[in-house]
Amino acid sequence: MEQSLSEFMSGNLETFWAMTGFANATWQHFVMLAVGMFFLYLAIKKNFEPMLLVPIGFGILIGNIPFASGMEVGIYEEGTVLNILYNGVSAGWYPPLVFLGIGAMTDFTALIANPKLMLVGAAAQFGIFGAYMVALALGFAPDQAGAIAIIGGADGPTAIFVSSKLAPNLMGAIAVSAYSYMALVPVIQPPIMRLFTTKKERLIKMKPARAVSQNEKIIFPIVGLLLTCFVVPTALPLLGMLFFGNLLRECGVTTRLAKTASNALTDIVTILLGMTVGASTQASEFLTLETIGIFFLGFMAFIIASSSGVLFVKLFNLVLPKDKKLNPLIGNAGVSAVPMSARISNNLGLEYDPSNYLLMHAMGPNVAGVIGSATAAGVLLAFLG
Amino acid sequence: MAISTAAYAQGRKGLCINEVMVQNDSSVVDDYGLHHGWIELYNSTHASMEISSVYLTNDSTKPTLYPVPLGDVNTEIPPLQHVIFWADGEPNKGTFHVSFKIKPGETIYIYDADQQTILDKVTIPTDLKANTTFARKADGKGGMNQNAWEVRDGGDKYITPSSNNIIVDTNTKVESFRILDKSGVVLTVMAMAIVFGALLVLCLCFYAISKIGSAISKANKMRSQGVEPKMVSKEDAPGHDSGEEIAAIVMALHEHLNAHDQENTILTINKVKKAYSPWSSKIYGLRELPRR
């Protein structure tokens, strides 16, 4: 068949045009690109959790470049580079690696010095189950409700881990919601803390924590692992790695490993996790009514979690001796979101009394919240998985 | 070879006989379109299992009657999945056609690669009718206990070659919560009790550990002062030094000794050269000595 040069060129250009983003774009793509850019704006200009929001925001841009399916570039096309990187999210092995790093970074001294603060971390997990009840009331199935409710744990890796098992189709929205609200903790928590506390309570000065021996710090991850994982083995990937990382840090003979786990490894996994989670939020999956519901429930979960932490401290104070009362401003820190929520406790405490430093006290419930949310995740997986 | 056999032996403990049909007149057909008796094997583990080199037999005096051939990719059973062997006595038809036929009253064995370890066995009832099967009540459950098996006639009790004996079409856990706990209160109460319980135990445990640790450190402190801990009453025992006390002592020493008033420091700007790779450097390969 004879074909003129111009026909040949126009045919090829037509094929090329059909492959471009312009030919495949829909309005949903542009909405998602705008969402990605908004995240980048929040991260770069407003400094909201930039370590998370920059990879997620840019990931949203990567995941929402329009293209014709079958080009073997998409994150959901099997065997593509993005799909291989996404396997760490879908198969759930990035979150335990992040937990290894968190364990290697976290100093549990405040918690070991004052173990009753663990109960504050446990109380704040009511945010998860309160949100679960609200999600059921909104018509979500129990497994979906559990996956959404884990946002209340204020722990991104845990949210990804649980949602990848209970509701993989909602994982993108859940992860983005969890990280967004974690970035917004400084905005969400202070009004709740003010609402539920009196001025007198905010001025409570807590006794300085006792010194903790090296032996106690070494025993903590071992006993912590045994006790929590015997109760909820389903949380083993998260708690196992968390306590392992902490032992690397505290045992004193694996400094190099602890450094790698807390720096290089965490950074690598955070980059891959954030970017692929962002890229997984493709318009067709993300722009749905369900996503709006998830964002609403995530917001509810954070409010319930912060409130229950503060209210529990007030309740706890009723049974504590006068000289051992806790400042309710540390209750919000039980939601995890390390160390942001502990910093908020400290800042608010200083606002009312410039000599009342609550940071170290708030770190107790804060790290207990990490253990608590991982335990709650294990419970959800055991009941609904 | 011995190591790999041992590894197989350990991993293959989850391999079991799951369902057996002796006389097949109208049930499932083989890959040649023919009706034969069949034996369904089940991988009850959560990992893929390679079953080549195990043995199937209906005669315990001849444990190696049918060795599952090597080199067939289909002999790897995925986790919690099944595979069917046709008991037609025609092994030349392929991997999944065994060299014997089965009859009611016979016992079927799976032997491991060591030709001695029985992985599973089942005795077929003598009165098993045509087109009925003898199957485990639940896939892979019950070990070698005959009571874990039942006769299935294809009516209410399905005959299920190459699929689960219990057909599950929903997540029963989720369904039960959907029906019995519509508001989520039950799950909330149970879950909060578990989370609280776990952290409460951890909390109590660390109170105990701190008490023990504190007692030991006090005793050590007294011994270092030449006092036998047993001779001192509780009231006279030295207390735990707080951080503030330690800071005050250090400050006093600093004032007394007038130490470090002027630091002898020289500021230099030198380019740090690292021509070697950390991977090949010996110092990076050495473990730090434990701190004492």
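For the structure itself, consult the block above.
Residues numbered from 1 in each chain as written. Chains lettered and ligands numbered in written order. Predicted model: local features only at pLDDT ≥ 70, side-chain atom pairs only at ≥ 80, totals over all residues.

A. Structural context of the overall build of chain A. Counting its regular elements, chain A contains 21 helices and zero strands. Relative to the 2.2 N^0.38 estimate, which gives 21 Å for 385 residues, the radius of gyration of chain A is 23 Å and therefore close to what a compact globule would have. Going through the 385 residues of chain A one by one, you find that 54% of them count as buried. (Helix = DSSP H or I, 4+ residues; strand = E, 2+ residues; numbered from the N terminus. Rg over C-alpha atoms; globule rule 2.2 N^0.38 Å. Buried ≥ 20, exposed ≤ 12 C-beta atoms within 10 Å, placed from the backbone.)

B. Structural view of the overall build of chain B. In terms of helices and strands, chain B carries five helices and eleven strands. Counting the 292 residues in chain B, one finds 24% classified as buried. In chain B, once contacts between residues fewer than 6 apart in sequence are set aside, the share between residues at least 24 apart is 56%. (Contact = placed C-beta atoms within 7 Å.)

C. Here's a closer look at the sheet that holds strand β1 (residues 15-21) of chain B. All names here are of chain B. Taken together, the five strands give an open sheet; going across it, the order is β7-β2-β1-β10-β11, and neighbouring strands pair in antiparallel fashion. The sheet terminates laterally at β7 (82-87) and β11 (149-152), the two strands that pair on one side only. Averaged over all adjacent pairs, the angle separating strand axes in this sheet is 30°, with direction ignored. With four bridges connecting them, strand β10 (residues 133-136) and β11 associate as antiparallel partners. Each bridged residue has a counterpart across the sheet, and for Phe134 the counterpart in β11 is Val151. (Pairing = 2+ DSSP bridges. Axes fitted to C-alpha atoms, helices over the stretch in contact; angles between N-to-C directions.)

D. Focus on the sheet that holds strand β4 (residues 55-57) of chain B. Residues and elements named next belong to chain B. If you trace the four strands from one edge of the open sheet to the other, you get β5-β4-β8-β9, paired in antiparallel fashion. In the strand order of this sheet, the two ends are held by β5 (66-67) and β9 (118-123), each with one partner. As defined by bridge partners, β4 adjoins β5 across two bridges and the pair is classed as antiparallel. Pairing of Leu56 across the sheet is with Tyr66, part of β5.

E. Inspection of the packing of helix α16 (residues 236-250) of chain A against helix α17 (residues 255-279) of chain A at higher detail. All names here are of chain A. Contact pair α16 / α17: the axes reach a minimum separation of 7 Å and the direction vectors enclose 135°. Of the possible angle classes, the one that applies to α16 and α17 is oblique. With respect to the hand of their crossing, α16 and α17 are arranged in left-handed fashion. Between α16 and α17, the residues in contact are Gly245, Leu248 and Arg249 and Leu257, Ala258 and Ala261, respectively. Within the contact of α16 with α17, the residues separate by chemical class into four nonpolar, one polar and one charged. (Parallel < 35°, antiparallel > 145°, perpendicular 65-115°, else oblique. Left-handed = near helix turned anticlockwise from the far one by under 90°. Nonpolar A, V, L, I, M, F, W, Y, C, P; charged D, E, K, R; others polar.)

F. Structural context of the nonpolar core. In terms of nonpolar packing, the biggest core is built from 139 residues, with A:Ala131, A:Ile148, A:Ala149, A:Ile151 and A:Ile174 touching the most fellow members. Ignoring any residue separated from it by four or fewer positions in sequence, one finds A:Ile148 in contact with A:Ala131, A:Ala135, A:Phe140, A:Leu170, A:Ile174, A:Ile294 and A:Leu297. Core analysis: the next-biggest nonpolar cluster, separate from the first, contains 36 residues, B:Ile77, B:Ile102, B:Tyr109 and B:Val122 among them. (Core = buried A, V, L, I, M, F, W, Y, C linked by C-beta atoms within 7 Å.)

G. The arrangement of the pairing of strand β8 (residues 107-111) of chain B in detail. Residues and elements named next belong to chain B. Across the five residues of β8, four count as buried, placing the element largely inside the fold. Sheet topology places β8 next to β9; five bridges connect them, and they run antiparallel. In the strand pairing of β9, Tyr111 is matched with Ile118. Here β8 folds back onto β9, and the loop between the two strands holds six residues, one of which, Gln115, carries a positive phi near 65°.

H. Region of the structure containing the environment of A:Pro142. With respect to the helices and strands, the residue A:Pro142 is situated in helix α10 (residues 142-149). Residue A:Pro142 is classed as buried on the basis of its C-beta count, with 26 C-beta atoms lying within 10 Å. Not counting residues within four places of it along the chain, the set of residues in contact with A:Pro142 comprises A:Leu136, A:Leu384, B:Val174, B:Phe177 and B:Arg178.

I. Structural detail: the interface of chain B and chain A. Residue-level contacts link 36 residues of chain B with 41 residues of chain A. Breaking the side of chain B that touches chain A down by element, the ones donating at least two residues are α2 (172-180), α3 (185-224) and α4 (243-257) of chain B. At 21 residues, α3(B) tops the list of elements feeding residues into the side of chain B that touches chain A. When the residues that make up the side of chain B that touches chain A are grouped by side-chain class, the tally is 20 nonpolar, ten polar and six charged.

J. The packing of helix α11 (residues 156-166) of chain A against helix α12 (residues 171-183) of chain A, seen in detail. Residues and elements named next belong to chain A. Close contact between α11 and α12 brings their axes to 9 Å; oriented N to C, the two are set at 165°. In terms of axis orientation, α11 runs roughly antiparallel to α12. The two elements α11 and α12 cross, and the hand of that crossing is right-handed. Within the contact between the two elements, α11 uses Gly156, Ala159, Ile160, Ser163 and Ser164 and α12 uses Met171, Ile174, Ala175, Ala178, Tyr179 and Met182. Classifying every residue of the contact of α11 with α12 gives eight nonpolar, three polar and no charged.

K. Expanded view of helix α15 (residues 214-231) of chain A. Here α15(A) spans 26 Å end to end across 18 residues, near enough to the 26 Å set by a 1.5 Å rise per residue. Helix geometry: α15(A) is bent most strongly at A:Phe220, by close to 30°, with proline A:Pro221 lying one to four residues after it. For α15(A), the set of buried residues is A:Glu216, A:Phe220, A:Pro221, A:Gly224, A:Thr228, A:Cys229 and A:Val231. Those residues of α15(A) that are buried are in contact with α7 (109-113), α16 and α21 (359-384) of chain A together with α3 of chain B. (Expected span 1.5 Å × (residues − 1). Bend = angle between axes of the 7 residues up to and from the residue.)

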